[in-house]
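Read off the chains here:
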Amino acid sequence: MRPYILAETNWEALKDEKFDLAILPWGATEAHNYHLPYATDNYQADHMTAESARVAWEKGGKPIVLPTLPFGVNTGQSDVYLDINLNPSTQLAILTDIVEVLNRQGIYKLLIFNGHGGNNFKPLVRELGYKFPKMFISFCFFPGVLDKDLYFDEKGDHADEMETSLMLHLRPDLVLPREKWGDGASKKYKIKSFSEGWAWAEREWSKISEDTGVGNPHKSTKEKGERFFNDVTRKMGHFIYELCQADTEDLYE
Ligand SMILES: [Zn+2]
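Cut-off values and rules
- Residues numbered from 1 in each chain as written.
- Predicted model: local features only at pLDDT ≥ 70, side-chain atom pairs only at ≥ 80, totals over all residues.
- Heavy atoms only, no water.
- UniProt positions renumbered as here; feature names shortened; annotations may be inferred.
- Pairing = 2+ DSSP bridges.
- Helix = DSSP H or I, 4+ residues; strand = E, 2+ residues; numbered from the N terminus.
- Axes fitted to C-alpha atoms, helices over the stretch in contact; angles between N-to-C directions.
- Contact = heavy atoms within 4.5 Å.
- 1 Å grid on protein atoms, 1.4 Å probe; cavity = no way out; pocket = protein on both sides within 12 Å on 5 of 7 lines; lining within 4 Å.
- Points joined across faces, edges and corners; volume = space filled by probe spheres on them.
- Nonpolar A, V, L, I, M, F, W, Y, C, P; charged D, E, K, R; others polar.

For the protein chain, an unreviewed UniProt entry supplies the name Creatininase family protein and the organism Zobellia barbeyronii. In its Sequence similarities (unreviewed entry) section, UniProt records this for the protein chain: "Belongs to the creatininase superfamily." UniProt, in the comment section headed Cofactor (unreviewed entry), describes the protein chain in these words: "Zn(2+)".

A.B. asks: Explain the sheet that holds strand β3 (residues 109–114) residue by residue, including any values.
C.D. replies: In sheet architecture, strand pairing relies on hydrogen bonds along the backbone and comes in two forms, parallel and antiparallel. One open sheet holds the four strands; their spatial order is β2-β1-β3-β4, and the pairing between them is parallel. Edge positions in the open sheet fall to β2 (63–65) and β4 (136–141), since each of these has one partner strand only. Each strand axis lies, on average, 20° off the axis of its neighbour in the sheet, ignoring direction. In the sheet, strand β1 (residues 21–26) pairs with β2 via three bridges, with the strands oriented parallel. The partner of Ala22 across the bridge, within β2, is Ile64. Those strands touched by helix α2 (residues 40–59) are β1, β2 and β3, and its axis lies near 165° from that of β2. Contacts between helix α4 (residues 122–131) and the sheet are confined to β3 and β4, with β4 contributing the most and set at about 170° to the helix.

A.B. asks: Could you give me a rundown of the layout of surface pockets, with the residues and numbers involved?
C.D. replies: By volume, the largest pocket is sized at about 1600 Å³. Lining the largest pocket are 50 residues, and of these Gly117, Asp157, Trp200, Arg203 and Trp205 lie nearest its centre. Broken down by secondary-structure element, the contributors of at least two residues to the lining of the largest pocket are α3 (88–105), α4, β4, β5 (156–158), α5 (161–170), α6 (192–196), α7 (205–208) and β6 (214–215). Across the lining of the largest pocket, the residue classes tally to 18 nonpolar, 19 polar and 13 charged. Considering only enclosed or pocket space, the second largest pocket measures out at about 330 Å³ in volume. Forming the walls of the second largest pocket are 14 residues, and the residues nearest its centre are Leu6, Leu14, Phe19, Gln105 and Ile107. Secondary structure elements with two or more residues in the lining of the second largest pocket: α1 (11–14) and α3. Among the elements that take part in the lining of the second largest pocket, α3 stands out by supplying four residues, more than any other. Tallied by class, residues from the lining of the second largest pocket come to eleven nonpolar, one polar and two charged.

Now the structure itself:
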């Protein structure tokens, strides 16, 4: 029983406990190339938040990891079988209820750990910060924690070398054999402005990728996944510790 994982702990441990920070992992349920499980984002979020919280706990921080929310925004994959979409407005409703609990109970810091590229928490965090002025709400997205190019050879953003390597490290029992892996080839918009990053429109996933992957997984290894996982969680652990200790009335220098 890890005391910083809400799903594992109990009332005996919690009735006189006080946490500084709640961590909410948020994933998705969606196809990940041919070879990775639909809950890939959730497994990654589970393992990363648990290990980062352990690092922070051992430094003396008091975080509590809430259960992972398993559905994310998948509006661009409406025709991909059993990709489960949660609309952004539904995410806001869920988040509002969770923040209300924390606010009433005096846990005034929340970190949302985002494990899925389709989730976009910035507007939600702005709105909730405005409605709950005592709360300090932040979020992070793990692929940006470190420079992926220092860990992986192939670029990608879905079921790619990073995700396949992570799953080979975390849940090798759920990764299909190498000969089943698709190459994650994807199409780009003909309108170049979208590729330059300053203009945006949602991609229709089934039209840009045959195997649902974006990014070639073939150079993935469990060693790469382990190295990235350890470095990300060490850095995140320090961040979580800092958040736990932070005086939210005195954040700037
Ligand atoms: Zn993913």
